[in-house]
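Observations on chain architecture
Below are the chains, spelled out letter by letter.
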Protein chains: 2
Amino acid sequence: MTDKLTKAERETDLAPLLQNGWSLADGRDAIAKTFVFKDFVEAFGFMTRAALHAEKLNHHPEWSNVYKTVEVVLTTHDADGLSAKDVDLAKRMDALA
Amino acid sequence: MTDKLTKAERETDLAPLLQNGWSLADGRDAIAKTFVFKDFVEAFGFMTRAALHAEKLNHHPEWSNVYKTVEVVLTTHDADGLSAKDVDLAKRMDALA
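This write-up is about the structure you can find in this document. (Residues numbered from 1 in each chain as written. Chains lettered and ligands numbered in written order. Predicted model: local features only at pLDDT ≥ 70, side-chain atom pairs only at ≥ 80, totals over all residues. Heavy atoms only, no water.)

**Thoughts on the overall build of chain A**
Stated precisely, the cut-off is as follows: Every helix listed is a DSSP run of H or I at least four residues long, and every strand listed is a run of E at least two residues long, numbered separately from the N terminus. Put simply, the radius of gyration uses C-alpha atoms, and a globule should come to 2.2 Å times the residue count raised to 0.38. Exposure categories follow from relative accessible area, calculated using a 1.4 Å probe and restricted to protein chains: below 20% of the type maximum is buried, above 50% is exposed, and the middle band is partly exposed. Contact definition: two residues touch when any of their heavy atoms are within 4.5 Å. For the charge count, each Lys or Arg is scored as positive and each Asp or Glu as negative, with His and the chain ends excluded. Positions of charges follow a simple convention, taking NZ of Lys, CZ of Arg, CG of Asp or CD of Glu.
Along its length, chain A carries three helices and four strands. In chain A, the succession of helices and strands from N to C terminus is α-β-β-α-β-β-α. Taken over C-alpha atoms, the radius of gyration comes to 13 Å for chain A, in line with the 13 Å a tight globule of 97 residues would show. In terms of its C-alpha atoms, chain A occupies a principal-axis envelope of roughly 40 × 25 × 25 Å. Each of the 97 residues in chain A was classed as buried or not, and the buried ones make up 44%. In chain A, of all internal contacts separated by at least 6 residues, the share reaching a separation of at least 24 is 64%. Computed over 12 positive and 16 negative side-chain charges, the separation of the two mean positions in chain A equals 4 Å.

**Details of the nonpolar core**
The following threshold applies: For our purposes a nonpolar core is just a set of buried Ala, Val, Leu, Ile, Met, Phe, Trp, Tyr and Cys residues, chained together by side-chain atoms within 4.5 Å.
One finds Trp-63 of chain A together with Trp-63 of chain B to be the most contacted residues of the largest nonpolar core, which totals 50 residues. Dropping the residues within four chain positions of it, Trp-63 of chain B is found in contact with Phe-40, Phe-44, Trp-63, Ser-64 and Asn-65 of chain A together with Met-47, Ala-50, Ala-51, Val-70, Glu-71, Val-72 and Met-93 of chain B.

**Focus: the packing of aromatic side chains**
Residues and elements named next belong to chain B. The line we're drawing: Centre distance within 6.5 Å is the pairing criterion for rings of Phe, Tyr and Trp, where only the six-membered ring of Trp is used; planes under 30 degrees apart are then read as stacked, over 60 as edge-to-face, and the remainder as tilted.
Counted according to the given criterion, the structure contains 13 aromatic pairs over all chains. Taken together, a centroid distance of 5.9 Å and an interplanar angle of 80° make the contact between Trp-22 and Phe-35 edge-to-face. Here Trp-22, found in the loop between helix H1 (7–18) and strand E1 (23–24), pairs with Phe-35, found in strand E2 (residues 31–36); they are 13 residues apart in sequence, far enough to count as distant. Classification of Phe-35 by relative accessible area gives buried; the value is 5%. An angle of 20° between the planes, with centres 6.4 Å apart, marks the rings of Phe-35 and Phe-37 as stacked.

**Things to note about the relation of the copies chain A and chain B**
Selection rule: In superposing the copies, a least-squares fit is computed on C-alpha atoms, taking residues whose pLDDT is at least 70 in both.
Once chain A is rotated about the relating axis by 180° and shifted along it by 0.0 Å, it coincides with chain B to within an RMSD of 0.0 Å. Between the two chains, the operation in question is that of a two-fold axis. If distances are taken from each C-alpha of chain A to the rotation axis, the shortest is found for Ser-64 of chain A, at 1.9 Å. Comparing interface residues between copies, 100% of those in chain A also sit at the interface in chain B, which points to an isologous, same-surface contact.

**Focus: the environment of Thr-76 of chain B**
Residue and element names in this part refer to chain B. Within the element layout of this structure, Thr-76 appears in the loop between strand E4 (69–74) and helix H3 (84–96). By relative accessible area, Thr-76 is classed as buried at 3%. Considered as a pair, Thr-76 and Phe-46 are 30 residues apart in the sequence and their alpha carbons are 21 Å apart. Filtering out sequence-adjacent residues up to four positions away, Thr-76 remains in contact with Thr-2, His-59, Gly-81, Ser-83, Lys-85 and Asp-86.

**Topic: the pairing of strand E4 (residues 69–74) of chain A**
Regular strands have side chains that alternate between both faces of the sheet. Residue and element names in this part refer to chain A. Under the convention used in this document: Each pair of strands is called paired provided DSSP finds at least two bridges between the two strands.
Only one face of E4 is buried: it carries Val-70, Val-72 and Leu-74, and the other face, with Thr-69, Glu-71 and Val-73, is open. Here six bridges tie strand E2 (residues 31–36) to E4, and the two strands are oriented antiparallel to one another. In the strand pairing of E4, Lys-33 is matched with Val-72. In this antiparallel pair of consecutive strands, strand E3 (residues 62–66) and E4, the connection spans two residues, and Tyr-67 shows a positive phi of 50°.

Nothing here speaks to function; it is geometry throughout.
Here it is in structure tokens:
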């Protein structure tokens, strides 16, 4: 079982993400962001690098890709909501994009 | 502009795909299939191989991934519906999966 973010952690850890293009998802405790790249090669290149990080963290995104756009949703199933793992993966994705 | 599949081509080319797990999408002239793998590494490995084919064909899927599941939708925007490119990419994806 993974711990959900506390109220204090949401203020310190989640707030910076929400100011950097992430938004709270509708109807679930999750964050979402749409990344737009130059073309498919750039978009899928981002996904490939993010996939390696996700596998290493053993924490995987829900994501979709249409040509140069990648939509990402992060949540932690075994926490039934947002955890520190989502903050970590979100930061890595921002650094990669 | 890419030509849409003719009625005859739908019978010869699309029918075998529809018997192999592909289905016609709701509300648009597109085909969809859900691929389920052993784990994320297998699922993303499939996506990576399919991405290389897609880029070579200059024809890209709409797709989403959640852990070991990959949902694919194929259609041809500049044909405003299904074309031979979708049949080609669908066959390659089936061969890769």
